[in-house]
Amino acid sequence: METIEQTTAIMGGEFLIKETEASTVFIPEEWSEEQKMIFQTCKDFLAKEVYPRLDEIDSQKDPELMPELMGKAGKLGLLGISIPEKWGGYGMDLNTTMMIVDALGSGHSFVVALSAHTGIGTLPILYYGNEAQKDKYLPKLASGEMKSAYCLTEPDSGSDANAAKTRATLSEDGTHYLMNGQKMWITNGGFADLFIVFAKIEDDKILSAFIVEKSFGGITMNEEEKKMGIKGSSTRQIFFNDCKVPVENLLYDRGKGFKIAVNILNVGRIKLASSCIGGSKDIITTAVKYANERKQFGKSIGEFGAIKYKLAEMASRTFASESAVYRTGSNIDKAYDSYVNEGMEPAQARLKALEEFAIECAIMKVHGSEVLDYCADEGVQIFGGMGYSADAPMDRAYRDSRINRIFEGTNEINRLLTIDMLLKRAMKGRIDLMGPAMKVAKELTSIPDFGVSEDEGLFAKEKKALRNLKKAGLMISGAAVQKFMQKLADEQEILMNLADMLIEGYVAESALLRVEKLIGLRGEENCSIQTDMMRIYLYEAVENASRVAKEAIYAIAEGDEQRMMLMGLKRFTKMEPFNLKEARRRVANHLLDKNEYSFK
Amino acid sequence: MKILVCITHVPDTTSRIAFTDGDTKFDSNGVQYIIGPYDDYAVARAVELKESQGATITVVNVGRVETEPTIRKALAIGADDAIRINAEPEDSYFVAKQIANVAKDSGYDLILMGRESIDFNGGVVHGIVGELLEIPSVSSVMKLDIDGNVAKIAREIEGGKEYIELEMPFVAGCQEPIAEWKIPNMRGIMTARSKPLNVVDPVDTDHLDKLVRFELPPPKGDIKMIDPEHMEELVSLLKNEAKVL
């Protein structure tokens, strides 16, 4: 009997123990005509308003420039995408809002400002605000009349958000809170009119959230931070000195701020991932054009295998990440629809849907930001000496990329979170991890599979490789839990290994599902490059997983148990020989022929 | 005021151009299509006129069903309705004849289009439409203001500008900077689908020419850098090697 059951994954995190039907996933090739037009509006906006002024934006000489650009984006309607129509927005689903930051993802500091405003700056009110708060603020946020910022981090509380020291004390007449404290790394701080501020009320142990208008007074700030990249993004340290916040501006309930912060970060993470994909696609196109133009030794550098390798790798990883990011977004939208159909209030349904797929959001944040970093790094390399020139585009791409692995929760925190959430769900009985893990353990002592393929049909071998990859993950998670029990949280290195396996499995599966569905729509002969990219990605995913799995096994088991697990791992990560070099050449040649990242 | 704006559906300016069928057919595989950039300016100016003094705008395109996303983009920018003449836009005369047929009894005050399409660059459709409708046509219009029934126009001429005034109706071939380039906003995009897009059959038209084949320009040769101090070397190379002087 198969360990991995052939049922449809509908719950977050279940992809690890269940298989997904390709027909049930959303793929980016299915964007509607309207969505494509919105995508193009974003690209046109960048071309018209942002690209010609990138140096000016980064110089921050004109403090009015960024708010002016935000205002123009607001006029186009780009700030109200996720806000319902009754508050002046367009009420679009999550996947569409993700597509918009994907389209704007090559907008450098501008997209940081826009994402902070539309995401963490607006959604706390949309999801947690009461009707009066929504009526008062959402229309102004949708139009861009008010620009917003999110104030969580403090000098001594970053990843440990609940350690924040900012306090809110109720006034004697009970009409307002007096807020005191300092916040740092506040994106849009310099021009925001509205701040979502996290602070503890009186002696509370847990944060509360507040809607703070700049006009309330008692707000001062330091100069702009000098940063490695996204230099045009306003980043300030903000001080609250007896800032008078009316009691009606408490968001949701007292002591619910941490919950708000965590849930808002889920949507922040998945949107960051789609923005990173947009950045990666743009870097690939820039690199491909340069590889076609730049001539050395009498031919364009794109004709050399070493460059083809880089282009194909950049494209395959981006393609895979893009597949996973919109699969996730669509799953969140579907969960939302079903909760609403069950009678849940829309904002609550949105939150529950995000929470359901919080593991995938964290996975995608890590993956998207690391793909972007890879693309930026290789983009510089393809440009050679020009890559290091501040007058060529890769300089900015490289510097701006780096922050993505840090904000919205560092990639380390997010890796830990994926496994932490998964194990908590297993303990609560929401996901049956131990059952399949035990089956895998039994399989280890059974007669090995001699490589006779019992499966037939499209991508049978690839699907088997994926099933096996999941089995390897289950085998090691099961062993790690048994060995360390409650102390597993202290073994961060092993948790990182497990997270890497989980990430590779999810992304590789998403690429496979995308290509399988695409072939159904367009026919196998029209999807050969996508198939190559998927196979390249899968092969490397299994190799990467195998490497980190070995490390984990060495750390978890000894003696006979270790030998048995290593043998199991070998069996679970066995791949048929695949000519990666030729596949990469086909992918690169396609990109060079199209002169862009052309998979849409 | 009733404005008709004629738009083309052309390959994006960065498309790689290739031909099939013995160099007689454009290879549209994987090509992204856009509103002709000059036509885009015509649409934008029409929308500005509508906003400043009121007008109804109809867009018309000669093309098959695949041009409808392009047409809807014009609706998203601000046109009120659209007509698609269901035919391949075979040549300038054919297209002009179709447009004239749609326009002839509809009482348009202004017929705007780009000064040329960016695929086959004939640049004569506005002239032929004007002739067929027996109204004036002007092209390379850079500025267009309407005062009552009179249009004040600046058009580009060799080395300068010409300022003219004429009464409506007329046909104008437009170019930048006649209007600010317009990006469709969310409201426009969301309402575009509900605006009428009428499909009409083409009228029979004589074919005045026949396509023989296309040819791509020769690939760019190597570049030689000449020191600005040595102009005589440049002159010599242009004379003897490139043979252009």
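Quick caveat, the model's predicted, so the values are computed rather than measured.

## Some points on the overall build of chain B
Item 1. A count of helical and extended segments in chain B gives 6 helices and 13 strands.
Item 2. Structurally, chain B occupies a C-alpha span of about 60 × 45 × 40 Å along its principal axes.
Item 3. Burial statistics for chain B: of 245 residues in total, 42% are counted as buried.
Item 4. A fraction of 69% describes how many contacts in chain B between residues 6 or more apart in sequence connect residues 24 or more apart.
Item 5. Just so you have it, chain B exposes about 13400 Å², and 50% of that area is on carbon and sulfur atoms.
Item 6. Counting 26 positive and 41 negative side-chain charges, chain B places the averaged centre of each group 4 Å from the other.

## Let's talk about the overall build of chain A
Item 1. The secondary structure content of chain A amounts to 19 helices and 10 strands.
Item 2. The C-alpha radius of gyration computed for chain A amounts to 24 Å, which stays within 12% of the reference 25 Å derived for 600 residues, consistent with globular compactness.
Item 3. Based on the C-alpha atoms only, the size of chain A along its principal axes is roughly 80 × 60 × 45 Å.
Item 4. Residues classed as buried in chain A amount to 60% of the 600 residues present.
Item 5. Long-range contacts, defined here as pairs at least 24 residues apart, represent 77% of the contacts in chain A between residues at least 6 apart.
Item 6. For chain A, the exposed surface amounts to about 24300 Å²; the carbon and sulfur share of it is 52%.
Item 7. For chain A, the separation between the mean place of its 77 positive charges and that of its 88 negative charges on side chains is 2 Å.

## Re the interface of chain A and chain B
Item 1. With 22 residues of chain A at the interface, the matching set in chain B holds 19 residues.
Item 2. Between chain A and chain B lies a buried interface of about 2000 Å² when both sides are counted; carbon and sulfur atoms form 57% of it.
Item 3. Broken down residue by residue, the surface that chain A buries against chain B is led by Glu33, Met37 and Lys48 of chain A, which jointly contribute 30%.
Item 4. Taken together, the connections running from chain A to chain B amount to 9 residue pairs in polar contact (both at pLDDT 80 or more).
Item 5. Elements supplying a minimum of two residues to the side of chain A that touches chain B: helix 1 (33-50), helix 3 (65-76) and helix 19 (580-594) of chain A.
Item 6. Per element, the largest residue contribution to the side of chain A that touches chain B is 9 residues, and it comes from helix 1 of chain A.
Item 7. Considering only residue class, the side of chain A that touches chain B consists of 9 nonpolar, 5 polar and 8 charged.

## Overview of the domain arrangement of chain A
Residues and elements named next belong to chain A.
Item 1. Taken as a whole, chain A is organised into domain 1 (33-147), domain 2 (150-256), domain 3 (258-412) and domain 4 (432-449 + 459-594).
Item 2. With centres defined by C-alpha atoms, the gap from domain 1 to domain 3 works out at 19 Å.
Item 3. Taken residue by residue, the interface counts 28 residues in domain 1 and 31 residues in domain 3.
Item 4. Across the domain 1 to domain 3 interface the summed buried area is about 2400 Å²; carbon plus sulfur atoms make up 61%.
Item 5. When the area that domain 1 buries against domain 3 is broken down by residue, the three leading residues are Leu94, Tyr127 and Tyr128, summing to 30%.
Item 6. Residue Lys281 is joined to Asp102 by a salt bridge in which the shortest nitrogen-to-oxygen separation is 3.1 Å.

## Overview of the pairing of strand 1 (residues 2-6) of chain B
Every regular strand shows the same layout, with side chains that alternate between the two sheet faces.
All names here are of chain B.
Item 1. Most of strand 1 sits out of view: 4 of its 5 residues are buried.
Item 2. Pairing analysis gives 4 bridges linking strand 1 to strand 8 (residues 110-114), with the strands arranged parallel. Bridging across to strand 8, Cys6 finds its partner in Met113.

## A closer look at the environment of Leu94 of chain A
Residue and element names in this part refer to chain A.
Item 1. Structurally, the position occupied by Leu94 is in helix 4 (residues 94-103).
Item 2. Residue classification places Leu94 among the buried residues on the basis of a relative accessible area of 5%.
Item 3. Distance from Leu94 to Tyr326, taken between C-alpha atoms, is 9.5 Å for residues 232 residues apart in sequence.
Item 4. What Leu94 contacts, discounting residues up to four positions off in sequence, is Val267, Ile270, Gly329, Ile332, Asp333, Arg350 and Leu354.

## A look at a nonpolar patch on the surface
Item 1. A cluster of nonpolar side chains, Ile206, Phe258 and Val262 of chain A, forms an exposed patch at the surface whose accessible area comes to about 220 Å².
Item 2. As for its position among the elements, Val262 of chain A is in helix 8 (residues 257-293).

## Details of the pattern of salt bridges
Item 1. By the definition in use, this model includes 60 salt bridges over all chains.
Item 2. A salt bridge links Lys72 of chain A to Glu68 of chain A; the shortest N-O distance between them is 3.7 Å. Within this pair, Lys72 of chain A and its partner Glu68 of chain A are both found in helix 3, separated by 4 residues, close to a single helical turn.
Item 3. A residue is classified by how much of its surface remains accessible, and Lys72 of chain A, at 30% relative accessible area, is partly exposed.
Item 4. Residues Glu322 of chain A and Arg514 of chain A are paired through a salt bridge, measuring 3.0 Å at the closest nitrogen-oxygen approach. In this pair, Glu322 of chain A sits in helix 9 (residues 305-341) while Arg514 of chain A sits in helix 16 (residues 492-522), placing the two residues 192 residues apart along the sequence.
Item 5. With relative accessibility at 2%, the residue Glu322 of chain A sits in the buried group.
Item 6. Three or more residues are tied together by salt bridges with common partners; here these are Glu33 and Glu34 of chain A together with Glu68, Arg72, Arg84 and Arg193 of chain B.

## Points about the packing of helix 4 of chain A against helix 8 of chain A
All names here are of chain A.
Item 1. Between helix 4 and helix 8, the least distance of the axes is 7 Å, while the angle of their chain directions is 40°. Looking at the two axes, helix 4 sits oblique to helix 8. Handedness of the crossing formed by helix 4 with helix 8: right-handed. Residues Leu94, Thr97, Met98, Val101 and Asp102 of helix 4 touch helix 8, and the partners they reach there are Val267, Ile270, Lys271, Ser274, Ser275, Ile277, Gly278 and Lys281.
Item 2. The residue makeup of the contact of helix 4 with helix 8, split by class, is 6 nonpolar, 4 polar and 3 charged.

Cut-off values and rules
Residues numbered from 1 in each chain as written. Chains lettered and ligands numbered in written order. Predicted model: local features only at pLDDT ≥ 70, side-chain atom pairs only at ≥ 80, totals over all residues. Heavy atoms only, no water. Helix = DSSP H or I, 4+ residues; strand = E, 2+ residues; numbered from the N terminus. Buried < 20%, exposed > 50% of the residue type's maximum accessible area, 1.4 Å probe, protein only. Contact = heavy atoms within 4.5 Å. Areas by Shrake-Rupley, 256 points an atom, 1.4 Å probe, with all protein chains shown as cover. Lys, Arg positive; Asp, Glu negative; His and termini not counted. Charge placed at Lys NZ, Arg CZ, Asp CG, Glu CD. Rg over C-alpha atoms; globule rule 2.2 N^0.38 Å. Buried area = accessible area lost by both parts, 1.4 Å probe. Polar contact = N/O pair within 3.5 Å; in protein donor to acceptor, adjacent residues only side chain to side chain. Nonpolar A, V, L, I, M, F, W, Y, C, P; charged D, E, K, R; others polar. Domains from an automatic or database assignment. Salt bridge = Lys/Arg side-chain N within 4 Å of Asp/Glu carboxyl O. Pairing = 2+ DSSP bridges. Patch = residues over 30% accessible without salt bridge, like charges linked within 9 Å, V, L, I, M, F, W, Y side chains within 5 Å. Axes fitted to C-alpha atoms, helices over the stretch in contact; angles between N-to-C directions. Parallel < 35°, antiparallel > 145°, perpendicular 65-115°, else oblique. Left-handed = near helix turned anticlockwise from the far one by under 90°.

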